[in-house]
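Architecture at a glance
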Amino acid sequence: MECLFPNSIWNEDDSRNECILVTGGTGLIGTSIREVLTSTSLTNSEFQIKPFEKWTFLSSKDGDLRDLTDVKRIFEKYKPTMVVHLAAKVGGLYTNMANNLEFFRDNIMINDNVLHTSYECGVKKVISCLSTCIFPDKTTYPIDETMVHNGPPHESNYGYSYAKRMIDVQNRGYNQKLKAQGRQGLFTSIVPCNIFGPWDNFDLKESHVIPGLIHKMYLANKRGDSGYTIYGTGAPLRQFIFSRDLANLTIGITRSYTDPEPIILSVDEDDEVSIKAVAEMIASNFPNIKEIKTDPSYADGQYKKTANNGKLRALFPSFKFTSLNDAICESVVWFIKNYDNKTCIIRLGSTND
Amino acid sequence: MECLFPNSIWNEDDSRNECILVTGGTGLIGTSIREVLTSTSLTNSEFQIKPFEKWTFLSSKDGDLRDLTDVKRIFEKYKPTMVVHLAAKVGGLYTNMANNLEFFRDNIMINDNVLHTSYECGVKKVISCLSTCIFPDKTTYPIDETMVHNGPPHESNYGYSYAKRMIDVQNRGYNQKLKAQGRQGLFTSIVPCNIFGPWDNFDLKESHVIPGLIHKMYLANKRGDSGYTIYGTGAPLRQFIFSRDLANLTIGITRSYTDPEPIILSGMIP
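Remember, it's a predicted structure, so these values are computed and weren't measured experimentally.

This part covers the overall build of chain B. The number of helices and strands found in chain B is seven helices and nine strands. Whereas a compact globule of 270 residues would reach a radius of gyration of roughly 18 Å, chain B reaches 19 Å, a difference of no more than 12%. Each principal axis of the C-alpha distribution contributes one length, and for chain B these read about 60 × 45 × 35 Å. Expressed as a percentage of its 270 residues, the buried residues of chain B come to 49%.

The next point concerns the overall build of chain A. Helix and strand content of chain A: 10 helices and 13 strands. Relative to the compact-globule value of 20 Å for 353 residues, chain A shows a C-alpha radius of gyration of 20 Å, a close match. Each principal axis of the C-alpha distribution contributes one length, and for chain A these read about 65 × 45 × 40 Å. The burial tally for chain A puts 56% of its 353 residues in the buried class. Here the contacts in chain A between residues at least 6 apart in sequence split such that 80% fall between residues at least 24 apart. A total accessible area of about 15800 Å² is found for chain A, and carbon and sulfur atoms account for 51% of it. Each charge class in chain A was averaged separately, 39 positive and 42 negative side chains, and the resulting centres sit 2 Å apart.

Residues and elements named next belong to chain B. Using the criterion set out here, one finds zero disulfides over all chains in the structure. Of the cysteine sulfurs around cysteine 129, a residue in no disulfide, the closest is that of cysteine 133, at 10 Å. With relative accessibility at 7%, the residue cysteine 129 sits in the buried group. Residue cysteine 193 stays outside any disulfide, its sulfur separated by 11 Å from that of cysteine 129, the closest cysteine. A relative accessible area of 8% places cysteine 193 in the buried class.

Residues and elements named next belong to chain A. On the surface, Leu93, Tyr94 and Met97 cluster together to form a nonpolar patch covering roughly 340 Å² of accessible area. In this structure, methionine 97 sits in helix α3 (residues 93-98). Judged by relative accessible area, which is 38%, methionine 97 ranks as partly exposed.

Now for the pairing of strand β2 (residues 18-23) of chain A. All names here are of chain A. Judged by how many residues are buried, β2 sits mostly within the fold: six of six residues are covered. Neither face of β2 is left uncovered, since the one carrying Glu18, Ile20 and Val22 and the one carrying Cys19, Leu21 and Thr23 both have all their residues buried. Relative to strand β3 (residues 53-57), β2 runs parallel, the two being bridged by five bridges. Counted as the bridge partner of isoleucine 20 is tryptophan 55 from β3. Of the pairings in the sheet, the one linking β2 to strand β4 (residues 82-85) comprises four bridges and is parallel in character.

All names here are of chain A. If you walk through the whole model with that rule in mind, you get 27 salt bridges over all chains. A salt bridge links lysine 276 to glutamate 280; the shortest N-O distance between them is 3.7 Å. Here glutamate 280 and lysine 276 lie together in helix α8 (residues 275-283), a separation of four residues that amounts to about one turn. Judged by relative accessible area, glutamate 280 falls into the partly exposed class, the value being 40%.

Basis of the calculations
- Residues numbered from 1 in each chain as written.
- Chains lettered and ligands numbered in written order.
- Predicted model: local features only at pLDDT ≥ 70, side-chain atom pairs only at ≥ 80, totals over all residues.
- Heavy atoms only, no water.
- Helix = DSSP H or I, 4+ residues; strand = E, 2+ residues; numbered from the N terminus.
- Rg over C-alpha atoms; globule rule 2.2 N^0.38 Å.
- Buried < 20%, exposed > 50% of the residue type's maximum accessible area, 1.4 Å probe, protein only.
- Contact = heavy atoms within 4.5 Å.
- Areas by Shrake-Rupley, 256 points an atom, 1.4 Å probe, with all protein chains shown as cover.
- Lys, Arg positive; Asp, Glu negative; His and termini not counted.
- Charge placed at Lys NZ, Arg CZ, Asp CG, Glu CD.
- Disulfide = S-S within 2.5 Å.
- Patch = residues over 30% accessible without salt bridge, like charges linked within 9 Å, V, L, I, M, F, W, Y side chains within 5 Å.
- Salt bridge = Lys/Arg side-chain N within 4 Å of Asp/Glu carboxyl O.
- Pairing = 2+ DSSP bridges.

The structure is reproduced here in structure tokens:
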């Protein structure tokens with residue numbers, strides 16, 4: 001657990017005081033939020049910590065969120081006024097496919113414990129984290145926030161997907177209940193698209209596409225390979241959001257979002273990029289790798305999974321996303337710098353050198 | 001709780017012995033099943049209790065299924081080989097609309113406790129009860145078993161509906177797990193349409209359409225009314241299934257259904 005106080009003295013008597021509890025606080029998003037809050041950079045200073053805010057970042061050391069006793073103890077200790085609920089049981093494709101039952105049950109338990117304890121403790125805003133991967137598998141594009149429940153999710157991670165969807169169902173129940181009781185309070189959610197950045201999971205088996213390619217190209221470059229081959233045609237298009245941009249937006253939403261409906265956090269539709277283009281951007285950071293080749297004998301994933309970020313754009317019309325090239329460069333630099341740093345909380349996992 | 005033994009002596013050494021535990025055993029379906037099993041009528045005698053079966057019908061007196069300790073105690077006591085899971089938090093339209101949160105959470109808890117304890121105890125078949133009211137609100141007709149998750153349910157009882165749908169999701173998880181472990185076992189479900197019959201809920205506020213009309217017309221008749229007015233045009237079509245027919249089918253399915261996918265149990269349109 002790490003508590004952040006602003007540099008100025010936090011006024012215990014200020015009725016504006018916000019105690020913001022972040023579950024999963026040491027994960028990719030949580031750590032990025034912490035970095036933004038404490039950054040001394042002048043860009044996006046609006047997302048730095050405010051004088052009346054106290055942020056607490058939970059880790060697994062604080063307790064097991066599947067255990068209601070642990071969750072109640074944590075809430076009793078920190079007495080949050082707001083909760084950013086990022087904690088979840090997550091994993092790569094193959095882990096999900098083999099363990100849908102556990103991914104369903106554990107996440108249902110974690111979510112119910114956090115949401116219901118928040119409700120009982122009178123937390124006034126709870127922002128939970130969904131994901132664009134939980135949307136219906138068979139659907140029209142672009143997808144938007146109204147479509148979450150419009151059909152079954154992809155077969156491979158149905159357990160995780162349904163558990164996440166039930167956050168939105170449960171949120172609706174709490175909002176309805178609070179309204180009927182005449183109580184203040186809001187249960188809502190963010191829906192990030194593919195996140196990447198420093199503090200990601202770079203494990204060769206469990207990682208998502210960008211950190212996976214960064215790690216593998218790092219090793220290929222080290223070996224002196226002059227080219228790198230990606231699976232499939234490289235044509236499928238995806239939207240990626242840099243962890244620092246997501247952190248900025250999440251902080252902004254925690255402070256000012258008042259809609260019970262989910263909000264998709266994604267770059268614009270025009271910023272969809274092909275997997276091959278992403279691989280080339282990554283390769284440009286590794287001097288030995290001069291060429292990206294494709295292997296079409298491997299199946300491509302879905303060609304497009306475009307998400308509509310119109311709601312986000314209406315809320316933050318002037319928000320500037322970090323360019324993908326710059327974001328990838330920053331991620332590669334971070335990875336290389338921390339590759340041998342065993343004291344860092346990074347999950348490199350099996351480094352198949 | 002009520003245990004049913006067949007008239008013939010139940011052979012403790014018979015490896016075919018089935019201990020069938022029925023949760024919600026004193027509700028409409030549970031009571032109808034009990035009546036069929038013990039009926040002495042010659043029609044549909046195939047659904048009467050078999051010599052190697054012991055049926056236990058749970059009621060709320062046996063424990064609160066939202067409490068895992070109670071559920072574990074019950075399973076430890078009866079050691080079921082099969083479970084017919086009928087228990088749920090149910091209610092009429094207005095109760096659902098005002099309490100979607102409780103209908104969601106309570107049913108998720110009940111279902112997880114019963115399903116997971118069944119899994120941990122090596123129960124070899126678990127038949128849970130869904131409902132045609134949980135299907136997508138906007139859909140093509142006729143609806144079939146493959147369409148359960150194809151869109152949001154009706155707004156009025158979304159809490160109950162999503163909790164019931166998650167039974168099917170969790171069933172899939174157990175079947176996948178058992179297969180990966182090379183263990184025997186089947187988690188599946190029935191999907192009744194509108195049920196009615198003796199032992200129904202005839203409460204004037206909470207009842208479904210047939211028992212509600214029966215109760216209201218009984219009172220109207222008692223008053224001496226010569227006519228009865230129903231709301232609306234009376235044109236909408238529905239399928240109804242008589243509780244005894246549902247009981248027969250459920251007994252048959254408990255014994256012989258081997259499909260992990262849900263099965264709709266629906267009656268004919270009059």
